[in-house]
Amino acid sequence: MSKLPLPARIYVVLLSVSGLILAALAAARIPRATAYECLPFILLSAVASTMRVRLLPLALRSRAETSGAAEMSVAFAFSYTAILLGGAYPGALAALASGLSSSLLFTTRRHPLYRIAFNGASLVWSAWISAVVLSHVGGSFSHGPMWRNVLAVAASTYAYYLVNTMSVAGAVSLSQRIPFWSTWSEGFLWTAAPGYFVGAMGREWHEQEDPRGRR
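Definitions and limits used
Residues numbered from 1 in each chain as written. Predicted model: local features only at pLDDT ≥ 70, side-chain atom pairs only at ≥ 80, totals over all residues. Heavy atoms only, no water. Helix = DSSP H or I, 4+ residues; strand = E, 2+ residues; numbered from the N terminus. Areas by Shrake-Rupley, 256 points an atom, 1.4 Å probe, with all protein chains shown as cover. Expected span 1.5 Å × (residues − 1). Buried < 20%, exposed > 50% of the residue type's maximum accessible area, 1.4 Å probe, protein only. Phe/Tyr/Trp six-rings, centres within 6.5 Å; stacked < 30°, edge-to-face > 60°. Core = buried A, V, L, I, M, F, W, Y, C linked by side-chain atoms within 4.5 Å. Contact = heavy atoms within 4.5 Å. Axes fitted to C-alpha atoms, helices over the stretch in contact; angles between N-to-C directions. Parallel < 35°, antiparallel > 145°, perpendicular 65-115°, else oblique. Polar contact = N/O pair within 3.5 Å; in protein donor to acceptor, adjacent residues only side chain to side chain.

1. Some remarks on the overall build of the protein
Assigned secondary structure in the protein consists of 9 helices and 2 strands. If you list the helices and strands of the protein from N to C, you get α-α-β-α-β-α-α-α-α-α-α. About 11000 Å² of surface is accessible on the protein, with carbon and sulfur atoms providing 66% of the total.

2. Section: helix 5 (residues 88-104)
For an α-helix the count is 3.6 residues per turn, leaving residues at separations of three or four pointing the same way. A rise of 1.5 Å per residue sets the reference length of helix 5, with its 17 residues, at 24 Å; its end C-alpha atoms lie 24 Å apart and thus fit the reference within 8%. Most of helix 5 sits inside the fold, with 13 of its 17 residues counted as buried.

3. Description of unusual backbone geometry
Peptide bonds are trans in most cases, and residues, glycine excluded, mostly fall at negative phi. If you check the backbone angles, Arg177 has positive phi at about 55 degrees while not being a glycine. With respect to the secondary-structure elements, Arg177 resides in the loop between helix 7 (146-176) and helix 8 (180-189). Under the relative-accessibility criterion, Arg177 is labelled exposed at 67%.

4. Some words on the packing of aromatic side chains
The final tally for this structure, using the stated rule, is 5 aromatic pairs. With centroids separated by 5.6 Å and ring planes inclined at 35 degrees, the aromatic side chains of Phe76 and Tyr80 adopt a geometry described as tilted. With Phe76 and Tyr80 both in helix 4 (residues 75-86) and 4 residues apart, this pair spans about one turn of that helix. When the centroid spacing of 4.8 Å and the interplanar angle of 70 degrees are considered together, the rings of Phe76 and Tyr160 count as edge-to-face. With Phe76 in helix 4 and Tyr160 in helix 7, this residue pair connects regions lying 84 residues apart in the sequence. One exposure class covers both Phe76 and Tyr160, and it is buried. Within the aromatic cluster, the residues linked to one another by ring pairs are Phe76, Tyr80 and Tyr160.

5. With respect to the nonpolar core
Membership of the largest hydrophobic core comes to 33 residues, with the highest contact counts inside it found for Tyr80, Ile83, Val124, Trp128, Leu134 and Tyr160. Top element by residues in this core is helix 4. It accounts for 8 residues. Leaving out residues up to four positions away in the same chain, Ile83 has contacts with Gly91, Ala127, Ser130, Ala131, Leu134 and Tyr160. Residues Val12, Leu15, Phe118 and Ala121 belong to the second largest nonpolar core, which totals 5 residues.

6. Thoughts on the packing of helix 2 (residues 32-47) against helix 4
Close contact between helix 2 and helix 4 brings their axes to 8 Å; oriented N to C, the two are set at 170 degrees. Classified by the interaxial angle, the pair formed by helix 2 and helix 4 is roughly antiparallel. Within the contact between the two elements, helix 2 uses Thr34, Glu37, Cys38, Phe41, Leu44 and Ser45 and helix 4 uses Ala75, Phe78, Ser79, Thr81, Ala82, Leu85 and Gly86.

7. Considerations on the environment of Ser167
For Ser167, the position within the fold is in helix 7. Accessibility expressed as a relative area gives 6% for Ser167, which makes it buried. Separated by 48 residues in the primary sequence, Ser167 and Asn119 place their C-alpha atoms 9.5 Å from one another. Other than its neighbours up to four places away in sequence, Ser167 contacts Tyr11, Leu15, Phe118, Ser122 and Leu162. A polar atom in the side chain of Ser167 sits 2.8 Å from the backbone oxygen of Asn164.

Spelled out as structure tokens, the structure:
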């Protein structure tokens, strides 16, 4: 980390510490019943963290073919399910499990500690803000009309997408001293966003059609 420019070091430390504090808060305050209900999705987020899929033809035309921006992690579907079922607390824990397992367990090289912390913390922030947006836009989410459900899912998934991709683009732009907007727009703007929405809508429709009425 000492090789990073000072602004990049400050940014990485602030985001990492704040994100891990949010994760600790989620672990301390999550209700036991919610934890049991969402535990399978937290574990699946960790297992699926390195599985990636290209969901839309648009992703195949990405200008950043080697960056991975055109792909969406399968773990997002499980993290978002945890958000749908229990809100910010299980969503943050599922996101943290995904970030840590992809950096620690399912990798062929050893990542520096600051990068592991940053990856986990940025995903925690993404899930947390996504859950907050979902609760504010959705209102009586399980009983509302379809258009409101679609609006709530769209707003929350794009919030997840923006926080996740912009936090990474911010770190890259500060560490390499390149413009933030070009870093983010060329790597993420037209590729990753549609995949987040399609994946989230698939989970929402599955939940609505569940005959057990879990929501």
